[in-house]
Amino acid sequence: MNAIQIRTMARDFILNEFLPGERPENLTDSTELITDGILDSLATLKLVAYLEKSCGIEIAPDELVPENLNSIAQIANFVQSKQAST
Amino acid sequence: MGGGTSSLRIFRVPQSYFLSMSAGSWLRRASVHWAKTLSLPWSADPTETESRSILAWFAIAGQLALFIALVYLLRLETNALVRVLLVALAGWCVHYFLPQRYRLPFFVLLSFAAIAAVFANLGPNWHHWRFEGLIDAAWIAAIGLVLIGIVHLPIAFGWRVLALVGAGCGLAAARMDWIATPWTRAVWPVLASMFMFRLIVYAYEMRRDQRMATVSERLAYFFMLPNVCFPLFPVVDFRTFRSSYYNADRHYIYQTGIQWMFRGAVHLICYRIVYQRFVIDAADVHNQIELLQFIIWPFLLYLKVSGTFHIITGILHLFGFNLPETHNLYFLSSSFTDFWRRINIYWKDFIMKIVYYPLYFRFRRWGESVALVSATLLAFVATWLLHNYQWFWLRGTWVFTWNDFLFWMILAVLVTINALYEMRHGRTRRLRGGALSWNGALQTAGRTIGVFVVICLLWSFWSASSVPQWFSVFDTVGVKGPGKTTPALVLVAVAAIIGIPALALARGGADRQYSFQRSVASVAVCGLIAVCISLPVVHDRLGETVSTAMADIRTPNLNSRDNANLERGYYENLVNVGAFNPELWIVYGQRPPDGWEGLNESPLIEFTGALPTTYLRPISQADFKGTRVHINRWGMRDKDYEKLPSPGTLRIAIVGSSHVFGAGVADEETFEGLLEQRLNEQAADSGYRHYDVLNFAIGDYSSLDILAIIEDRVLSFKPNYIFYFEHSGLVPRMIEKVVKAIQNGSAYRYDFVRDIVRESGIDTSTDPDVLTRELKRYEERLLRVIYSRIVETAKREGVGVSWIYLPRPDEGTSPELERRLAAEAGFNVLDLSGVYDGYDWRTLLVAPWDKHPNATGHRLIAEKLYEVLQQHQDLIPLNLAVAPPKEDR
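Residues numbered from 1 in each chain as written. Chains lettered and ligands numbered in written order. Predicted model: local features only at pLDDT ≥ 70, side-chain atom pairs only at ≥ 80, totals over all residues. Heavy atoms only, no water.

### What about the overall build of chain B?
Secondary structure assignment for chain B yields 35 helices and 11 strands. Partitioning the contacts of chain B with sequence separation of at least 6, the portion at a separation of at least 24 is 73%. As displayed, chain B has an accessible area near 36600 Å², and 61% of this comes from carbon and sulfur atoms. (Helix = DSSP H or I, 4+ residues; strand = E, 2+ residues; numbered from the N terminus. Contact = heavy atoms within 4.5 Å. Areas by Shrake-Rupley, 256 points an atom, 1.4 Å probe, with all protein chains shown as cover.)

Here is the structure:
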């Protein structure tokens, strides 16, 4: 799975699950998801479960940090690095 | 962003730049350079982290100076904060011009300098430097370095954690005074606040990567500049601390810090007003309005925490740490999970990281719902335990109480239910600047009002003395208040105050473009106005309302309710003292655990089981509040006297409580002794051979005890006069004593108590806190009868009796009720107001944690009392020489 696919997948999931009715173009790759309150603890856990299931990776609790999940771009990088390491 | 970046200029110019230019071009180019240097940065551009501007430097430094003036003038927080802010201002002015690589080491040096500055100058006097304090500062640094070193030991992580636990146990033993330490008690709160949580976060991060941070980063993290004056400190995350360092334009970061500091000051000002004016005790709740007052205001006391956290993070911003907000409009939470996310965000993040996420991942094999419920509940249990852990390190005692446990567990259940609902049904989220529909916004506003009311209820429960006491206040639900204000009006006002901003927040709006200049202008203008109003010369001319409000804000001490409770030793019996009250926390945080007990815990006291409740043990002596106290054969803290006065002697009996007893001063320093000495110095001219002043005062006495001791003991010494001393806040003590006397039956020696018990139909076997509240309705009647009985009894024996108002050094209010009732009862009313004029009241205390007057205070009281007696010889003819006019003396 390449970076563009991961971004698209993550964006779709976030729009459907957490921002229903939001215009897709408003959610950019750099939108701050944690800082802006889109990804709270519950949303983070839902997203993690989804990423683990769809991308075949395993995420540890200490990886739930803004550096990995604060934007769609960071999520894609994180998932790619996890895939590369497995 | 970036529209005006051309005006952001590098201040340092390479030498080659000058060498390669002619004089004319140098001047031309230099003038351009300076013009640009003096210009303000136009916008926050994250790429321009090295921009410098003299005007921006002046703007930030000027605002910081204004903030320091405001803190100083309004006495917000302690003098230690002013010292730290002065260190911060001086340091920032240099720090601004340093190359980036030197800034963090400089911040570390500044942090150590602040610790030294505070420890070398504890207390209210700016000129009292105590260089032995530097030894304490050195101990903090040394212990801290050892603790950090343990995390880096070249052994397995598990062993390092074990070593840390071992070190913690050793320190805990020292904290509980099981082990003697070479440092003073002042070290503990500072050391604790630096390491008790940050060490956990640090070890957690180090488990992953030990080499990720520089030495300066590590030292900066633990010894953060503002920490030394804020024992209650936000749990800053190490990763965030590092990643936020200069992660945006530095002028933006600095200005954000300044804004937050002023916002923190606003929180603290609001807190002071709420604390001094509006918070009431459960015992004072008698009608619907007071019930609402009891429920609503305690939650607002949290402004103290949010205010100090804003100031702390604001100071850190000044040195480049672009940390996130610690609180986010927590009064406007629209659900319980939202409340948990908005209030003390750093704590929430800490618990999520250390407890919630690891537990959730462990439990999720049993299903999402089970994992969510288990992890949430355990996270709140951890929060409760860690609050107690925090309290242990800061105070040295544990605070396990039912109120505290139930508060956290009820909140846990509410958040868990809310989280489950959100997991199944989702939650409305918006991108920044997004808005809800009117319908959605109205629903959110409604929910916000509901959450606010529930949190207020929960908070009032948390801060109540006992569970039965909290429930008992709801007996007043059907009792209307005396004024025009109705409960409906109060509730509508609360709904409007919370609902309208919640509605505006839900409706959202366009994100306003950040402007450095606009921010500087608004903060500077508001700051300047605030500083001007804080000047007594200004606010005294703005009318009584402003003047009174400023007096409340400028009063950094306990409110009258807490002062009275503190003085009568009420809090000594509560293990949670100060845990829910930051002002009390300051008092008890400084007080040594041993050697400062109340008089009733000393061997000087014998309990009677009747009224008066106590007597002093005849011919006894003991150390009490740092001094040796001797009791004569008659049970007085005084020299020996014959029971009956010798011929030609004028005898005065003094009655009162701890201030008159002389708590914390030596036998020869009490104002009673000094007055007697002064009277006898002029006895030759008075016509009397001698003056006796007998001190019958006993600490913790109430007016009921005083009535009993006058009847049973004082009059048998045949005094000519009785001086009854009173200060404000003693009425609650009287009620408490009446409650105890009713419950042990001793109060029934007085028919007026029996009448009140019969009339009110109160259940005398009920919880004392509940009974206290019931009897509070009769306080005026009780005091009137007690005063009348004292006057009647004394006059029957031909004894003149005076009621004398003796203010405490920090007293802000005078006891109008007591004064009026004393005059009505027939006392000669005298007033020692202004006795401490010209002195900083904090220099007149026995100790920072003890509000009794010290030796200087007693000397001032003796002088003032003598002066007042001279002026009132028509009422009390003591044959004193007439006082010369004040100017001549």
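Having seen the structure, we can now continue with the description.
### Section: the sheet that holds strand S5 (residues 649-655) of chain B
All names here are of chain B. Strands sit in the order S6-S5-S7-S8-S9 across an open sheet of five strands; the sheet is parallel. If you trace the sheet from one side to the other, it starts and ends with strand S6 (690-695) and strand S9 (828-831), each paired once. Taken pair by pair, the neighbouring strands of this sheet meet at an average axis angle of 25°, ignoring direction. In the sheet, strand S7 (residues 721-726) pairs with strand S8 (residues 800-805) via six bridges, with the strands oriented parallel. Residue pairing for S8: Glu726 is matched across the bridge by Tyr805. (Pairing = 2+ DSSP bridges. Axes fitted to C-alpha atoms, helices over the stretch in contact; angles between N-to-C directions.)

### Let's talk about the side chain of Ser244 of chain B
All names here are of chain B. When you line up the elements, Ser244 lands in the loop between helix H11 (238-243) and helix H12 (250-278). At a separation of 2.9 Å, a polar atom in the side chain of Ser244 contacts the main-chain carbonyl oxygen of Thr240. Look past the residues within four positions of Ser244 in its chain and what remains in contact with it is Gly320, Phe321, Asn322 and Leu323. (Polar contact = N/O pair within 3.5 Å; in protein donor to acceptor, adjacent residues only side chain to side chain.)

### Quick notes on the packing of aromatic side chains
Residue and element names in this part refer to chain B. Applying the stated criterion across every chain yields a total of 67 aromatic pairs over all chains. Positioned above the aromatic ring of Phe238, the side-chain terminus of Arg242 is 5.9 Å from the ring centre. Over the face of the ring belonging to Phe661 we find Arg637, whose NZ or CZ atom lies 5.2 Å from the ring centre. (Phe/Tyr/Trp six-rings, centres within 6.5 Å; stacked < 30°, edge-to-face > 60°. Lys NZ or Arg CZ within 6 Å of the ring centre and 35° of its normal.)

### Brief notes about helix H5 (residues 100-119) of chain B
Residues and elements named next belong to chain B. The first and last C-alpha atoms of H5 sit 29 Å apart over 20 residues, in line with the 28 Å expected at 1.5 Å per residue. For H5, the set of buried residues is Arg103, Leu104, Phe107, Val108, Leu110, Ser111, Ala114, Ile115, Ala117, Val118 and Phe119. Looking at the buried side of H5, the elements it contacts are helix H4 (79-95), helix H6 (133-151), helix H8 (187-195), helix H10 (215-222), H12 and helix H14 (303-317). (Expected span 1.5 Å × (residues − 1). Buried < 20%, exposed > 50% of the residue type's maximum accessible area, 1.4 Å probe, protein only.)

### A few points about the nonpolar core
Counting 209 residues, the largest nonpolar core has Ile14 of chain A together with Trp92, Phe299, Phe319, Phe321 and Tyr356 of chain B as its most contacted members. Broken down by element, the residue count for this core peaks at 13 residues, all from helix H3 (residues 54-74) of chain B. Counting contributing residues per domain, this core is built from domain 1 (67-262) and domain 2 (273-508) of chain B, each supplying no fewer than three. When sequence neighbours within four positions are dropped, the list of residues in contact with Tyr356 of chain B reads Ser41, Leu42 and Leu45 of chain A together with Ile351, Leu372, Ala375, Thr376 and Ala379 of chain B. Counting 94 residues, the second largest nonpolar core, distinct from the first, contains Leu650, Val693, Tyr787 and Leu832 of chain B. (Core = buried A, V, L, I, M, F, W, Y, C linked by side-chain atoms within 4.5 Å. Domains from an automatic or database assignment.)

### Considerations on the pattern of salt bridges
Residues and elements named next belong to chain B. Scanning all chains against the criterion turns up 52 salt bridges over all chains. Where Arg733 meets Asp700, a salt bridge forms, and the shortest distance between an N and an O atom there is 3.9 Å. You can see Arg733 sitting in helix H30 (residues 731-743) and its partner Asp700 sitting in the loop between S6 and helix H29 (703-712), a full 33 residues away along the chain. A relative accessible area of 15% places Asp700 in the buried class. Across the salt bridge formed by Arg789 and Asp751, the nearest N and O atoms sit 3.3 Å from each other. On the criterion of sequence distance, the pair formed by Arg789 in helix H33 (residues 779-796) and Asp751 in helix H31 (residues 751-760) is long-range, its members being 38 residues apart. (Salt bridge = Lys/Arg side-chain N within 4 Å of Asp/Glu carboxyl O.)

### What about the interface of chain A and chain B?
Taken together, the contact between chain A and chain B spans 28 residues of the former and 22 residues of the latter. Summing both partners gives a buried area of about 2100 Å² for chain A against chain B, and 58% of it is carried by carbon and sulfur. Of all residues in chain A, the largest losses of buried area upon contact with chain B belong to Leu42, Leu45 and Asp62 of chain A, amounting jointly to 28% of the total for that side. At the junction of chain A with chain B, the criterion picks out six salt bridges. The partner of Asp40 of chain A in a salt bridge is Arg341 of chain B, with the nearest N and O atoms 3.3 Å apart. It is helix H2 (residues 41-55) of chain A that contributes the most residues to the side of chain A that touches chain B, nine residues altogether. When grouped by side-chain class, the residues that make up the side of chain A that touches chain B number 14 nonpolar, five polar and nine charged. (Buried area = accessible area lost by both parts, 1.4 Å probe. Nonpolar A, V, L, I, M, F, W, Y, C, P; charged D, E, K, R; others polar.)

### Notes on a nonpolar patch on the surface
A surface patch of nonpolar side chains, about 630 Å² in accessible area, is lined by Met176, Trp178, Ile179, Leu385, Trp398 and Phe400 of chain B. Tracing the chain through its elements places Phe400 of chain B in the loop between helix H17 (368-395) and helix H18 (402-425). (Patch = residues over 30% accessible without salt bridge, like charges linked within 9 Å, V, L, I, M, F, W, Y side chains within 5 Å.)

### Quick word on the confidence of the model for chain B
Close reading of the predicted structure is inappropriate where its pLDDT is low. Residues and elements named next belong to chain B. Looking at chain B as a whole, the pLDDT averages 85, with 87% of positions reaching at least 70. Taken together, the stretch residues 30-49 has pLDDT below 50 and engages in 60 contacts with residues farther than four places along the chain or on a different chain. Long-range and interchain partners of residues 571-577, a stretch whose pLDDT sits below 50, account for 17 contacts in this model, where long-range means more than four residues apart. (pLDDT = per-residue confidence, 0-100.)

### So, the pairing of strand S11 (residues 850-853) of chain B
All names here are of chain B. Neither face of S11 is exposed, since Asp850 and His852 on one face and Lys851 and Pro853 on the opposite face are all buried. As paired strands, strand S10 (residues 845-847) and S11 are joined by two bridges and run antiparallel to one another. Considered in S11, the bridge of Ala847 is made with Asp850. Counting the residues between successive antiparallel strands, the hairpin from S10 to S11 contains two residues.

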